[in-house]
Amino acid sequence: MATKANDIRNLTTSVAAAYGVNDENLPKAFEYFCVNLLARHPDFSAVLEGRDWRTTDLSEFHCGGGNRAGDERGVDSVLYDPNNENIRLVQSKWTGKANGDHLLSEAENFFGSLAALADSNYVDQLGTPRVREVLREASLEPANQAITLAFMTNTPIGDEERARAVEQQFRDQYADRGWDVDCQILARTEILEMNRAFDAVEKSPTVDQVEIGFSNDNAFTFDAGEHSALVIALKGNVVAQLFKRHSTQLFNANIRYGLTASKINQGMKGTLTGGSAEDFFFFNNGITATCSEYEKIDTGVRAFDFQVVNGAQTVSTLGPILQRAPDDDVFVLLRLISTGDKYGHKTEFADSVTRFQNTQNPVRVSDFFANDAFQLWLEANLAPSVSGQGVVPEFHYVRKRGATPKRGVGKPLTMELLAALRHAVKNGPSVSYAAPKSIWDPTTKPNAYWQAFGRDGEPCDTWSTEELAEVGWAYALDRQIKSDYQGLPQENKERRYLNVLSRYIVALVHRQVSAQLAATGSKFEEVIRSEKRFDEVTKRPYLEARKVLRPAYEARETASHYARQYIGKNDELFNTLNAQLHDALAMEGYFA
């Protein structure tokens, strides 16, 4: 019999196998499941790197089992991206019987722990070594990171209203300190809904077709020539039926990733159920949706490639409440905007609608470069030119989240990952570690976007064959470094930084390889053609780069727990290590 309890148990045990955990050890299996599920969020695309989320071992983010000292504030996992910009601290609770009051008390204790966990002196005193190690690797700096505290349980939480109040209480407390911190209580229903939302985005980013019924007396068309919008006073019951039929697939993919649709806004609920339902239209901001096109029909409108870009919380509140108790007095404002294009092939106008409407769930700034002419050229030419050629692993280029490539061979190489890698190679790694968002800021001088994608920092329309090969070389080395990291034993100190500093090492090695190729009249094109030639040119500087980096890391680790980020951000240290590396290779006759 299919039940929510069975569903979450099956999902949990499906992940347990990747960690060698017995299906019966559900509390431990649930710990692993939670971090793997959260890693599906696009903020952590560089963590999964296109791998199956169920079968990927993410042990490096786990605080470990066994005897725990009890002073680690209940942290089971700390998920972080390679730049330590986005952090998820996770406490997971698998229980055989729901006890909402006890779970909420534990959630409150957990949500109140961030200040202590961000204090390096406190972390030094933690009694569980593995917890200390993971927290140090995450380099918690709440003033400079986007942090989510996720309390996850396999049972219902019970008092939903209190749970939402607890979340908001701690969000407000952290906001008062100027920290970007979200607090989420994810019980069984929310976890299952989150998983369905991830599945839906991967399967289809929009609803192909919807029919929305309304009275013509309650609607008008605003036609601005090139674009048009249908403005409707829509019955809430219609919204509820749309939500029942399509659930979170109604929402723009950027919203769906961060939304647990089962969470009902208590203020809206009060209006709907507290005797003021007829005033909902006046109190609520309404819903904005886009479509590629719409056509009027006798009963209302038929819209194609439909997605809600603002008002997801309104939809996800009206849905369950009015499904249970329909109310003809409830109306909501709907603006349906025709953009004339389909998801994954969006114009600047379509992106701007999403960007300026979507204030509750802001999308990544980088998404708005996805339609740049050069990105379209990269999508058509990068992978076909170098993916799978010689030593370059197979990959496919992804310029926009939610867009499914026609040729999905190999791992995904996202626009953000390519920008960070090439910016590091061409300009040094500090910007990609200290301020990666600045790459997408058009006001930076010099323009960081064209430093990453252009030629000598200037805009270009295409890359030459040699420039494509150079990127292929950098990607191949980056993949090799990450593979070497996976093969290191847990006790090896390089495990603390090799993965995060992989493009830092690529940048160091690139300086030496470029000098050698210039001295010998060779090109990256011929270097990537065979493993033998790749090793001849790359292996010595790569191994030597690891050798010079090791003492620099150890020295910084002694002085501060934020060694990886310090190294990545420090231009002076990079130049020093680059000079050391050059001198060591010159003594070996590498440049001759």
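Residues numbered from 1 in each chain as written. Predicted model: local features only at pLDDT ≥ 70, side-chain atom pairs only at ≥ 80, totals over all residues. Heavy atoms only, no water.

1. Re the overall build of the protein chain
Each helix and strand in the protein chain was counted, giving 25 helices and 13 strands. Split into buried and exposed, the 592 residues of the protein chain put 55% on the buried side. Considering only contacts within the protein chain whose residues lie at least 6 apart along the sequence, 72% involve residues at least 24 apart. As displayed, the protein chain offers around 25100 Å² of accessible surface, 47% of which is attributable to carbon and sulfur atoms. (Helix = DSSP H or I, 4+ residues; strand = E, 2+ residues; numbered from the N terminus. Buried < 20%, exposed > 50% of the residue type's maximum accessible area, 1.4 Å probe, protein only. Contact = heavy atoms within 4.5 Å. Areas by Shrake-Rupley, 256 points an atom, 1.4 Å probe, with all protein chains shown as cover.)

2. Considering the packing of helix 1 (residues 4-16) against helix 2 (residues 26-38)
Relative to each other, helix 1 and helix 2 sit at 85 degrees, their axes nearing to 8 Å. Here helix 2 runs roughly perpendicular to helix 1, going by the angle between their axes. Contact residues: helix 1 offers Ile-8, Arg-9, Leu-11, Thr-12, Thr-13, Val-15 and Ala-16, while helix 2 offers Leu-26, Ala-29, Phe-30, Tyr-32, Phe-33 and Asn-36. A breakdown of the residues in the contact of helix 1 with helix 2 according to their chemical character gives nine nonpolar, three polar and one charged. (Axes fitted to C-alpha atoms, helices over the stretch in contact; angles between N-to-C directions. Parallel < 35°, antiparallel > 145°, perpendicular 65-115°, else oblique. Nonpolar A, V, L, I, M, F, W, Y, C, P; charged D, E, K, R; others polar.)

3. What about the sheet that holds strand 2 (residues 86-93)?
An order of 1-2-3-4 is seen for the four strands of this open sheet, with the pairing classed as mixed. With partners counted over all chains shown, the strands left at the sheet margins are strand 1 (77-80) and strand 4 (180-186), one partner each. Averaged over all adjacent pairs, the angle separating strand axes in this sheet is 15 degrees, with direction ignored. Sheet analysis places strand 2 next to strand 3 (residues 146-153), joined by eight bridges and oriented parallel. Residue pairing for strand 3: Ile-87 is matched across the bridge by Ile-147. (Pairing = 2+ DSSP bridges.)

4. Considerations on the confidence of the model for the protein chain
Summary statistics for the protein chain give a mean pLDDT of 85 and a share of 88% for residues scoring 70 or more. When mean pLDDT is compared element by element in the protein chain, helix 22 (residues 524-527) scores highest at 97, while helix 11 (residues 253-258) scores lowest at 50. Predicted confidence is poor over residues 256-262, with pLDDT under 50, and the contacts of this stretch with residues over four places away or in other chains come to 28 contacts. The low-confidence segment residues 359-363, where pLDDT is below 50, has 10 contacts with residues more than four positions distant or belonging to other chains. (pLDDT = per-residue confidence, 0-100.)

5. Overview of the environment of Val-548
Mapped onto the elements, Val-548 comes out in helix 23 (residues 531-559). Accessibility expressed as a relative area gives 10% for Val-548, which makes it buried. In this structure the C-alpha to C-alpha distance between Val-548 and Gln-580, which are 32 residues apart in sequence, comes to 7.2 Å.

6. Topic: helix 14 (residues 312-324)
With 13 residues, helix 14 should reach 18 Å at 1.5 Å per residue; the first-to-last C-alpha distance of 19 Å fits that figure. Of all 13 residues that make up helix 14, 10 are buried, and the element is covered over most of its length. When helix 14 is considered as a whole, its buried residues turn out to be Ala-312, Thr-314, Val-315, Ser-316, Thr-317, Leu-318, Gly-319, Pro-320, Ile-321 and Leu-322. (Expected span 1.5 Å × (residues − 1).)

7. Examining the pattern of salt bridges
A full pass over the atoms with the stated rule returns 26 salt bridges. Among the ionic pairs, Arg-533 bridges to Glu-536, the shortest N-O distance being 3.3 Å. Pair noted here: Arg-533 and Glu-536 are both in helix 23, with a separation of three residues, about one helical turn. For Glu-536, a relative accessible area of 40% gives the class partly exposed. What you see here is one network of salt bridges that share partners, running through Glu-160, Arg-164, Glu-167, Arg-171, Asp-182 and Glu-190. (Salt bridge = Lys/Arg side-chain N within 4 Å of Asp/Glu carboxyl O.)

8. Some details on the nonpolar core
Leu-378, Leu-382, Leu-418, Phe-453, Trp-463, Trp-473 and Tyr-504 are the most contacted members of the largest nonpolar core, which totals 70 residues. For this core, the element with the highest residue contribution is helix 20 (residues 465-486), accounting for 10 residues. In this view, Leu-382 contacts Trp-377, Ser-387, Phe-395, Tyr-397, Leu-413, Leu-418, Trp-463, Leu-468 and Val-471; residues no more than four positions away in its chain are not counted. One finds Ala-29, Val-75, Val-90 and Leu-192 within the second-largest nonpolar core, a separate group that totals 66 residues. (Core = buried A, V, L, I, M, F, W, Y, C linked by side-chain atoms within 4.5 Å.)

9. What to know about the packing of aromatic side chains
As enumerated under the stated definition, the model contains 22 aromatic pairs in all. Measuring from ring centre to ring centre gives 5.4 Å for Trp-473 and Phe-524, while their planes differ by 55 degrees; the resulting arrangement is tilted. Linking Trp-473 in helix 20 with Phe-524 in helix 22, this pair joins segments that are 51 residues apart in sequence. Of the two residues, Trp-473 and Phe-524, neither departs from the other in class, the shared state being buried. (Phe/Tyr/Trp six-rings, centres within 6.5 Å; stacked < 30°, edge-to-face > 60°.)

10. Side note on the pairing of strand 2
Most of strand 2 is tucked away: seven of the eight residues are buried. In the sheet, strand 1 pairs with strand 2 via four bridges, with the strands oriented antiparallel. Each bridged residue has a counterpart across the sheet, and for Tyr-80 the counterpart in strand 2 is Ile-87. Here strand 1 hands over to strand 2 after five residues, with Asn-84 in that stretch at a positive phi of 55 degrees.

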